[in-house]
Amino acid sequence: MSRRESIKSARRGSVFVDVGGSERKSSLNEDDSLDKEAIVQTLISKEQRRRNERAALIAELRKEEDETNENEEQKIQEIEKKENIKCPYLDTIHRAILDFDFEKLCSVSLSHNNVYCCLICSKYFQGRGKGTHAYLHALDCKHYVYLNLHNAKFYCLPDNYEIVDPSLDDILYQLNPMFTQEDLKELHYYEEVMTKKLVAFRRNGSKYWTGLIGMNNIKHNDYINVVIQGLAQVPKFRDHFLVRTFAGNKQTSDRIMLRRLGELLRKLWKNHHYRPHVSPHEFLQSVVIESKGRFQFTERGNAGEFLTWFLNSLDKVMRKYEKNKESSFIRNIFEGEIEVTSRRIPNPELSEEEKRKLLQLPKYKFEGVSERQKFMFLLLDLPAKPLFVDPHKQIPIPQVHINTLLEKFNGQQEKEYKLKGEDRRDPLLKRFRVVRLPDVLIFQIQRFTKNNFFVEKNPTIVQYPVSSLDMGPYCLEDDGQEIFDLVANIVHDGEPKDGSYRIHVNHKLTNMWKEIQDLVVSDALPEMIPLSEAFIQIWVRRPKVKGQKRKMEVDMLGPPPPPPPSANPAKASEAKSVKRKY
Ligand SMILES: [Zn+2]
């Protein structure tokens, strides 16, 4: 019988006694006294047990407290020890070959998880525990210092202890360069006063200018590289990506592309480089995924198509990111407004009666129908290329001044568009006039035309001033302050099928023109720039002065060229219409 049961039965007994008959009292009394003793015994033992338990509990708690204190002390000691461990292998780190631009992928298992970079040979390996690829590499090659590419901690393998050493901070800066608002202020200061102070040095001692770094052409991604290099020279665009990381929990392909673009721009603008170039590998991968394979880095592409798609995609993801359905900073920077006036002409084959009927319709009236449209680029049409090419190439390459091309936007010149289907008989004529220009104006010069068989390229050279382009004459209202300076000029060389891209950029820090072609950054003479086959141009508006008309300070490159001899009368007349605006 357990103790509890004995107590219960004892109580029952006493109850029975109280209500029981008197005849059996004497015998019952004996039982009663026995029961009472048992009850007292059990109560005492119970009380004792409780007391013991409480004491044990208190003792236990005290012990635990001591242990946690000890643990914390141990931890602190360990950390102190760690900081004191001067890893003896730090001298073996080979900074000049370190490259964190490539995909974070184990070179043996091709896994993306838990990847470490060997700081001696710059190869990536998975894991750090016993038997992992990094561990085996440490044993095989005697390379002992590793960087976890995900949490940015340094480890010594195979001993497997963390290295905490401020002398390694420069490596973390290479892994993920960050800019503070102060850094940005400093950059703006130098850009405004255009001193030559921000000269950085590569580890091999050669000089380079901050913000002018070549980019790897992995296979055929030069068409993407030039677009990024061009946008990187637009401070309003660049600054957003220098100070913001666009981190977040959502891992959608558009947000990854946004983040990768930021990483790439920060790498282009960081202040110290181990290598003389930056590889856009991870960014390119995000582009391939986000464009669903439309833009590849293994196949040649069209920089104009890429830029159009890219800015629209960035605008879309930024509006989602900032939860603003209306606009994003992309639109604030690049978007302008244009007035398009269109009218139809009745087919000359129609009878007079039919023509008169059509002319009653608003869209056939001479004034036409006007509507306002938003734009991110202005398309400049080149005069048609001469049909007959001299086999001895004695005909000079046709030339045209940019003002001739811009007359498309003077509200007078009409451009004919061919329509399809039922409408194709009545030509459509459009006139354009700029309502509002964006702060950053992009021209796409229409060099490539698709005919039924292949893509053709128009080699006409466009002449332009590299600074002080007055866009006022093409605006509805000209306040005399629509002055733009060229910051980037993307050039296409060669045939449409196998040509290549390069870019001229105006480097604000030095106010010098540089040419970037893949990895090579070289000086460019401003007077040579208009002699190349310009394809995309990025112009930045000069800050407006309030309540004051800017005086025309236009340094053009000289008068437009005389009309080149040509078999094409249409082109000759185009060239004749060149007028000096200023
Ligand atoms: Zn190694």
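For every chain, the first residue of the written sequence is number 1, and numbering continues from 1 onward in sequence order. Two thresholds apply to this predicted model, a pLDDT of at least 70 for residue-level local features and 80 or more for giving and counting side-chain atom pairs, whereas whole-chain, interface and lining totals are computed over all residues. Only heavy atoms go into the side-chain values, all of them from the structure, while hydrogens and water stay out.

The name given to the protein chain in an unreviewed UniProt entry is ubiquitinyl hydrolase 1, and the organism recorded there is Oikopleura dioica. UniProt positions are given in the numbering used here, feature names are shortened, and annotations may be inferred rather than shown by experiment. Taken verbatim from the UniProt record of the protein chain, the Catalytic activity (unreviewed entry) comment is "Thiol-dependent hydrolysis of ester, thioester, amide, peptide and isopeptide bonds formed by the C-terminal Gly of ubiquitin (a 76-residue protein attached to proteins as an intracellular targeting signal)."

Enquirer: For this particular structure, what's the right way to read empty space enclosed by the protein?
Expert: Empty pockets left among the atoms are what a rolling probe the size of a water molecule brings to light. With a 1 Å grid laid over protein atoms only, a set of points is called a cavity when a 1.4 Å probe fits there but cannot get out and a pocket when it is open yet has protein on both sides within 12 Å along at least five of seven lines; lining residues have an atom within 4 Å of a point. Grid points are joined across faces, edges and corners, and a volume is the space filled by probe spheres set on the points. On inspection of all chains with the given rule, the structure shows 6 cavities of 30 Å³ or more. Looking at the largest cavity, its volume works out to about 110 Å³. If you trace the largest cavity, you find it lined by Leu-98, Asp-99, Phe-100, Asp-101, Gln-174, Lys-270, His-273, Tyr-274, Arg-275, His-277 and Val-278. Residues are grouped as follows: Ala, Val, Leu, Ile, Met, Phe, Trp, Tyr, Cys and Pro are nonpolar; Asp, Glu, Lys and Arg are charged; all remaining types, including Gly, are polar. Split into classes, the residues belonging to the lining of the largest cavity amount to 4 nonpolar, 3 polar and 4 charged. Domain boundaries shown here were taken from an automatic or database domain assignment. Residues from two domains meet in the lining of the largest cavity; each of domain 2 (90-173) and domain 3 (177-321) gives at least three.

Enquirer: Where do I start with the pattern of salt bridges in this structure?
Expert: When the charged atoms of two side chains with opposite charge come close together, those side chains can pair. Just to be clear on terms, a salt bridge is a Lys or Arg side-chain nitrogen sitting within 4 Å of an Asp or Glu carboxyl oxygen. On inspection of all chains with the given rule, the structure shows 28 salt bridges. For the salt bridge of Asp-439 with Lys-236, the shortest nitrogen-to-oxygen distance reads 2.7 Å. Within this pair, whereas Asp-439 is found in the loop between strand E15 (428-436) and strand E16 (440-446), its partner Lys-236 is found in helix H7 (residues 235-243), the two being separated by 203 residues in sequence. Whether a residue is buried, partly exposed or exposed follows from its accessible area with a 1.4 Å probe, protein chains only, as a fraction of its type maximum: under 20%, in between, or over 50%, in that order. Judged by its relative accessible area of 26%, Asp-439 falls in the partly exposed class. Looking at Lys-236, the relative accessible area reads 45%, which means it is partly exposed. Across the pair Lys-408 and Asp-381 runs a salt bridge, and its minimum N-O distance is 3.1 Å. Here Lys-408 is found in the loop between helix H13 (402-406) and strand E14 (415-417), whereas its partner Asp-381 is found in strand E12 (residues 378-381), with 27 residues between them in sequence. Sharing partners across several salt bridges, the network here consists of Lys-236, Asp-439, Asp-479, Glu-482, Arg-541 and Lys-544. Secondary structure is summarised from DSSP: a helix means a run of H or I of at least four residues, a strand means a run of E of at least two, and numbering begins at the N terminus for each.

Enquirer: Please explain the sheet that holds strand E11 (residues 369-375) as it appears in this structure.
Expert: Strand pairing in a sheet relies on backbone hydrogen bonds, with the paired strands running either antiparallel or parallel. Across the sheet, 4 strands lie side by side as E11-E10-E15-E14; this open sheet has antiparallel pairing. A strand with exactly one partner marks an edge of an open sheet, and here the two such strands are E11 and E14. Strand after strand, the sheet turns through a mean of 35° between neighbouring axes, direction not considered. Paired strands, as defined in this entry, are two strands with at least two bridges between them according to DSSP. Sheet analysis places strand E10 (residues 336-344) next to E11, joined by 7 bridges and oriented antiparallel. Within the sheet, the bridge partner assigned to Ser-342 lies in E11 and is Val-369. Between the N-to-C directions of two axes lies an angle of 0 to 180 degrees, each axis being a line fitted to C-alpha atoms and, for a helix, fitted only over the stretch in contact.

Enquirer: Explain the coordination of the zinc ion here, please?
Expert: Ideal donor angles around a metal are set by the shape: a four-donor tetrahedron calls for 109.5 degrees, a six-donor octahedron for 90 or 180 degrees. Distances from the zinc ion to its protein donors, Cys-118 (SG), Cys-121 (SG), His-137 (NE2) and His-143 (ND1), fall within 2.0 to 2.2 Å. Here a donor is an N, O or S atom found within 2.8 Å of the metal, or within 3.2 Å if the metal is Na, K or Ca; sites may look incomplete because water is not among the atoms. Every geometry call rests on angle ranges, with four donors termed tetrahedral when all angles are between 85 and 135 degrees, four termed square planar and six termed octahedral when opposite donors are over 155 degrees apart and all others are between 65 and 115, and everything else termed irregular. Here the zinc ion binds 4 donor atoms, and the angle range of 103 to 116° at the metal identifies the geometry as tetrahedral. Sequence positions of the residues that donate to the zinc ion give the spacing C-x2-C-x15-H-x5-H.

Enquirer: Teacher, can you tell me more about the sheet that holds strand E5 (residues 161-163) here?
Expert: The strand order E2-E1-E3-E4-E5 describes an open sheet built from 5 strands, whose pairing is antiparallel. Looking at strand neighbours, the two that pair on one side only are strand E2 (124-126) and E5, the edges of this open sheet. Put simply, the sheet's adjacent strands are angled 40° from each other on average, direction ignored. Judged from the 3 bridges that link them, strand E1 (residues 115-118) and E2 form a sheet pairing that is antiparallel. Considered in E2, the bridge of Tyr-116 is made with Phe-125.

Enquirer: Any chance you could explain the side chain of Glu-335 here in plain terms?
Expert: Assignment of secondary structure puts Glu-335 in the loop between helix H11 (329-334) and E10. One polar contact links Glu-335 to Arg-331, side chain to side chain, over a distance of 2.7 Å. Between two residues, a contact is recorded if the distance between any of their heavy atoms is within 4.5 Å. Setting aside residues no more than four positions away along its own chain, Glu-335 makes contact with Ile-330, Lys-374, Phe-375, Arg-436 and Pro-438. Under this definition, polar contacts are N or O atom pairs within 3.5 Å; protein pairs additionally need one hydrogen-donor-capable and one acceptor-capable atom, and for neighbouring residues in sequence, both atoms have to be side-chain atoms.

Enquirer: So what exactly am I meant to see when it comes to the environment of Glu-477 here?
Expert: The topology assignment puts Glu-477 in the loop between strand E20 (469-470) and strand E21 (483-493). The exposure class of Glu-477 is exposed, given its relative accessible area of 69%. Distance in space between the C-alpha atoms of Glu-477 and Val-435 is 7.5 Å, their sequence separation being 42 residues.

Enquirer: Just checking my understanding: could you explain the packing of aromatic side chains for this structure?
Expert: The description of an aromatic ring pair uses the distance of the two centres, along with the angle that the planes make with each other. Here a Phe, Tyr or Trp ring, Trp counted by its six-membered ring, pairs with any other such ring whose centre lies within 6.5 Å, and the pair is stacked when the planes are under 30 degrees apart, edge-to-face when over 60, and tilted otherwise. Tallied over the entire structure, the rule returns 20 aromatic pairs. Plain terms: the ring middles of Phe-237 and Phe-241 are 5.1 Å apart, the flat faces sit at 45° to each other, and that makes the pair tilted. One end of the pair is Phe-237 and the other is Phe-241, both in helix H7 and 4 residues apart, which spans about a single turn. On the basis of relative accessibility, which here comes to 0%, the residue Phe-237 falls in the buried class. On the basis of relative accessible area, Phe-241 is assigned to the buried category, the value being 0%. Ring centres 5.2 Å apart and planes at 15° place the aromatic pair Phe-306 and Phe-310 in the stacked group. Taken as a pair, Phe-306 and Phe-310 lie in helix H10 (residues 303-321) at a separation of 4 residues, close to a single helical turn. Overall, the relative accessible area of 0% leaves Phe-306 in the buried class.

Enquirer: How should a nonpolar patch on the surface be read in this particular structure?
Expert: In this scheme, patches are assembled from residues that exceed 30% relative accessible area and form no salt bridge. Like charges are connected within 9 Å, while nonpolar side chains (Val, Leu, Ile, Met, Phe, Trp, Tyr) are connected within 5 Å. All accessibility values rest on the Shrake-Rupley procedure with a 1.4 Å probe; residue burial counts only the protein chains present in the view. On the surface, Leu-525, Met-528 and Leu-531 cluster together into a nonpolar patch covering about 310 Å² of accessible area. Turning to its location among the elements, Leu-531 is positioned in the loop between strand E24 (520-523) and strand E25 (534-541). Owing to a relative accessible area of 48%, Leu-531 belongs among the partly exposed residues under this scheme.

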